[in-house]
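A closer look at the structure
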Amino acid sequence: MARHKEYDEKEVLQKATELFRYQGYEKTSLQDLVSHMGIHRRSLYDTFGDKHTLFIKALEHYDHKMKNKMDIQVKNSSTVKDAIRSILEMAIYQDNEKSVGCLTINSAVELTIHDQEVAEKIEQNFSKTEKIILELLLRGQDSGEIPKHHDIEKLSQFIHNSYVGLRVLVKTTNDKNKLKNIIDTTLSVLD
């Protein structure tokens, strides 16, 4: 007879995601995970597999949450430029004062050189975000908000690069004016 789980799987996955985001993959031990998630080691293995499998699930969970946040920002924006600004601002406005950064970016820097599965997940994440930006730019060109002379594929790559750069920079500075200036300059290319 199977035992009933005494925990909420989504809740403990969120806890694992937070820990990986804060400490990184390599510095997070199985004991750290068990303690932080509040579950037994056997439960971790039974539910999530090994540490690497749990990490991949955490990356997917984080990606899903960020995509939902991005969709809300885009939906609540009145113009394409405002939507793109909202996406860029997501990188600089964090819940805490000193940002621990973005799990996707942290993982890209830490793991993609020697972990092909993580590299593929990061690439998928980056492609999704770039596609959202591209679709916004297409909509902007269709509505006349973005001039037709722009190569929107190149422009979406450029804006995505700024977004990734901001997500890295928030780990090193609390200077919101500097970060806002980068957003303003990035958006100025849309004119």
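For the structure, see preceding data.
So, how was this worked out
- Residues numbered from 1 in each chain as written.
- Predicted model: local features only at pLDDT ≥ 70, side-chain atom pairs only at ≥ 80, totals over all residues.
- Heavy atoms only, no water.
- Helix = DSSP H or I, 4+ residues; strand = E, 2+ residues; numbered from the N terminus.
- Buried < 20%, exposed > 50% of the residue type's maximum accessible area, 1.4 Å probe, protein only.
- Areas by Shrake-Rupley, 256 points an atom, 1.4 Å probe, with all protein chains shown as cover.
- Lys, Arg positive; Asp, Glu negative; His and termini not counted.
- Charge placed at Lys NZ, Arg CZ, Asp CG, Glu CD.
- Salt bridge = Lys/Arg side-chain N within 4 Å of Asp/Glu carboxyl O.
- Phe/Tyr/Trp six-rings, centres within 6.5 Å; stacked < 30°, edge-to-face > 60°.
- Contact = heavy atoms within 4.5 Å.
- Core = buried A, V, L, I, M, F, W, Y, C linked by side-chain atoms within 4.5 Å.
- Expected span 1.5 Å × (residues − 1).
- Arc of directions from axis to C-beta.
- Polar contact = N/O pair within 3.5 Å; in protein donor to acceptor, adjacent residues only side chain to side chain.

1. What about the overall build of the chain?
- Each helix and strand counted, the chain has nine helices and zero strands in total.
- Its helices and strands in sequence order give the chain the pattern α-α-α-α-α-α-α-α-α, from N to C terminus.
- By principal-axis analysis of the C-alpha atoms, the chain measures approximately 65 × 35 × 30 Å.
- Buried positions account for 45% of the 191 residues belonging to the chain.
- Of the roughly 10900 Å² of accessible surface on the chain, a fraction of 50% belongs to carbon and sulfur atoms.
- Across the chain, the mean location of the 28 positive side-chain charges is 2 Å away from that of the 30 negative side-chain charges.

2. Here we look at the pattern of salt bridges
- Applying the stated criterion to the full structure yields eight salt bridges.
- Note that aspartate 71 and lysine 67 form a salt bridge whose closest N and O atoms lie 3.1 Å from each other. Taken together, the positions of aspartate 71 and lysine 67, both in helix H4 (residues 51-75) and four residues apart, correspond to about one turn of that helix.
- A relative accessible area of 33% means that aspartate 71 is categorised as partly exposed.
- Note on lysine 67: relative accessible area 30%, which makes it partly exposed.

3. What about the packing of aromatic side chains?
- With the rule as written, the count across this model stands at three aromatic pairs.
- Between phenylalanine 20 and phenylalanine 55, the aromatic rings sit 4.9 Å apart at their centres with planes inclined by 85°, giving edge-to-face as the arrangement. Of this pair, phenylalanine 20 sits in helix H1 (residues 9-23) while phenylalanine 55 sits in helix H4, and the two are 35 residues apart along the sequence.
- On the basis of relative accessible area, phenylalanine 20 is assigned to the buried category, the value being 0%.
- Between tyrosine 25 and phenylalanine 55 the ring centres are 5.0 Å apart and the planes differ by 65°, which places this aromatic pair in the edge-to-face class.

4. A word on the side chain of histidine 160
- Along the polypeptide, histidine 160 turns up in helix H8 (residues 152-169).
- Excluding anything up to four places from it in sequence, histidine 160 contacts Phe126, Thr129, Glu130 and Ile133.

5. Quick notes on the environment of leucine 111
- Its location among the elements puts leucine 111 in helix H6 (residues 103-111).
- Taking relative accessible area as the criterion, leucine 111 reaches 1% and is therefore assigned buried.
- Between the alpha carbons of leucine 111 and tyrosine 25 there is a distance of 8.1 Å; along the sequence they are 86 residues apart.
- Apart from residues lying up to four places away in sequence, leucine 111 is in contact with Tyr25, Glu26, Phe55 and Val118.

6. Some remarks on the nonpolar core
- Within the largest apolar cluster, 55 residues are counted, with the highest numbers of intra-cluster contacts made by Phe20, Leu33, Met37, Leu54, Ile84 and Leu137.
- For this core, the leading source of residues is H4, giving nine residues.
- With sequence-adjacent residues up to four places away left out, methionine 37 is seen in contact with Val12, Lys15, Ala16, Leu44, Phe48 and Leu54.

7. Re helix H9 (residues 176-188)
- With 13 residues, H9 extends 18 Å between its outermost C-alpha atoms, agreeing within 8% with the 18 Å of an ideal straight helix rising 1.5 Å per residue.
- Those residues of H9 that fall on the buried side of the exposure criterion are Leu179, Ile183, Thr186 and Leu187. Along the axis of H9, the buried positions cluster into a sector of 95°, meaning they face one direction only. Residues Asn177 and Thr185 are exposed on H9 and point more than 90 degrees away from its buried face.
- Next to the buried residues of H9 lie helix H5 (80-90) and H8.
- Here H9 starts with a cap whose side-chain oxygen sits 3.2 Å from the backbone nitrogen of asparagine 177, and that cap is aspartate 175.

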